[in-house]
Amino acid sequence: MFVGCAASAYEAGLRESVARCLAMLGVRVETPSGQTCCGSVHAHAGDIKGAQRLAERNRSAFKSTRTVLTFASGCHEAVAQALDGGTTRTVDAIEFLARRLQTHTERWQWRARPERIALHLPCTQRNVVRSAATLRTLLSSMPGVEIVELTASGCCGASGTQMLEEPARAATFRAPVLRQLQESGATR
């Protein structure tokens, strides 16, 4: 699994949950040491050499790995560019899990979970990774879960380095999504 930098903290629970699910499906998951930031923010900011150094560290960390799973859609393309081409392929973790669930339906049963979930699909997930449909299908297969897709503008405001360089502008892009989230009645 690719951990990255900013997502290393907020995706920890997700990575653990996916690793448990995959273990139940017979897939062993490792998180190699030595991996680092994907370099996307560096590249967006014009620091191409810095992004290339980070890509090289990730190539080294994953050199003996056949498949690398990514979670942060904003990192996926940079990781794929750094790792794909040799014997390593980069796969969106949602797609990987969904494929495994389809081929191992006899080993998997969802527990009913009555809950209203708000779903925000970032532009990188919709337009770069293209796993939005898979995520919708995966979530809708869970009994009792009601999905409320946040469709207001669809922008989280990150947009490369915009969230860092122009935080007020980024906040105006993000505001409709946050407003829709508040109004959704979602519990998660």
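Just so you know, these numbers come straight off a predicted model, no measurement behind them.

Asks: Describe helix H4 (residues 48-61), with residues and values.
Replies: For H4, which comprises 14 residues, the first-to-last C-alpha distance of 20 Å matches the rise-based estimate of 20 Å (1.5 Å per residue) to within 8%. Buried residues of H4: Gly50, Ala51, Leu54, Ala55, Asn58 and Ala61, and no others. Viewed along the axis of H4, the buried residues span an arc of 140°, placing them on a single side of the element. Exposed residues on H4 whose side chains face more than 90 degrees from its buried face are Lys49 and Arg53.

Asks: Requested: an account of the side chain of Asn58, with residues and values cited.
Replies: Locating Asn58 in the fold gives a position in helix H4. Note on Asn58: relative accessible area 3%, which makes it buried. Sequence-distant contacts of Asn58, defined by excluding residues within four places in its chain, comprise Phe2, Gln35, Thr36, Cys37, Cys38 and Leu83.

Asks: So what's going on with the nonpolar core? Which residues, and what values?
Replies: In terms of nonpolar packing, the biggest core is built from 24 residues, with Leu22, Leu69, Phe96, Leu97, Leu101 and Leu135 touching the most fellow members. Broken down by secondary-structure element, the contributors of at least two residues to this core are helix H2 (12-24), helix H6 (93-103), strand S3 (115-119) and helix H8 (132-140). If one sorts the elements of this core by residue count, H6 sits on top with five residues. By size, the runner-up hydrophobic cluster in this structure holds 13 residues, among which are Cys38, Ala61, Val79 and Leu83.

Asks: Give me the lowdown on the pattern of salt bridges, citing residues and values where you can.
Replies: With the rule as written, the count across this model stands at eight salt bridges. Across the salt bridge formed by Arg15 and Glu11, the nearest N and O atoms sit 3.9 Å from each other. The same class applies to Arg15 as to Glu11, namely buried. Note that Glu30 and Arg28 form a salt bridge whose closest N and O atoms lie 2.9 Å from each other. A residue is classified by how much of its surface remains accessible, and Glu30, at 48% relative accessible area, is partly exposed.

Cut-off values and rules
- Residues numbered from 1 in each chain as written.
- Predicted model: local features only at pLDDT ≥ 70, side-chain atom pairs only at ≥ 80, totals over all residues.
- Heavy atoms only, no water.
- Helix = DSSP H or I, 4+ residues; strand = E, 2+ residues; numbered from the N terminus.
- Expected span 1.5 Å × (residues − 1).
- Buried < 20%, exposed > 50% of the residue type's maximum accessible area, 1.4 Å probe, protein only.
- Arc of directions from axis to C-beta.
- Contact = heavy atoms within 4.5 Å.
- Core = buried A, V, L, I, M, F, W, Y, C linked by side-chain atoms within 4.5 Å.
- Salt bridge = Lys/Arg side-chain N within 4 Å of Asp/Glu carboxyl O.

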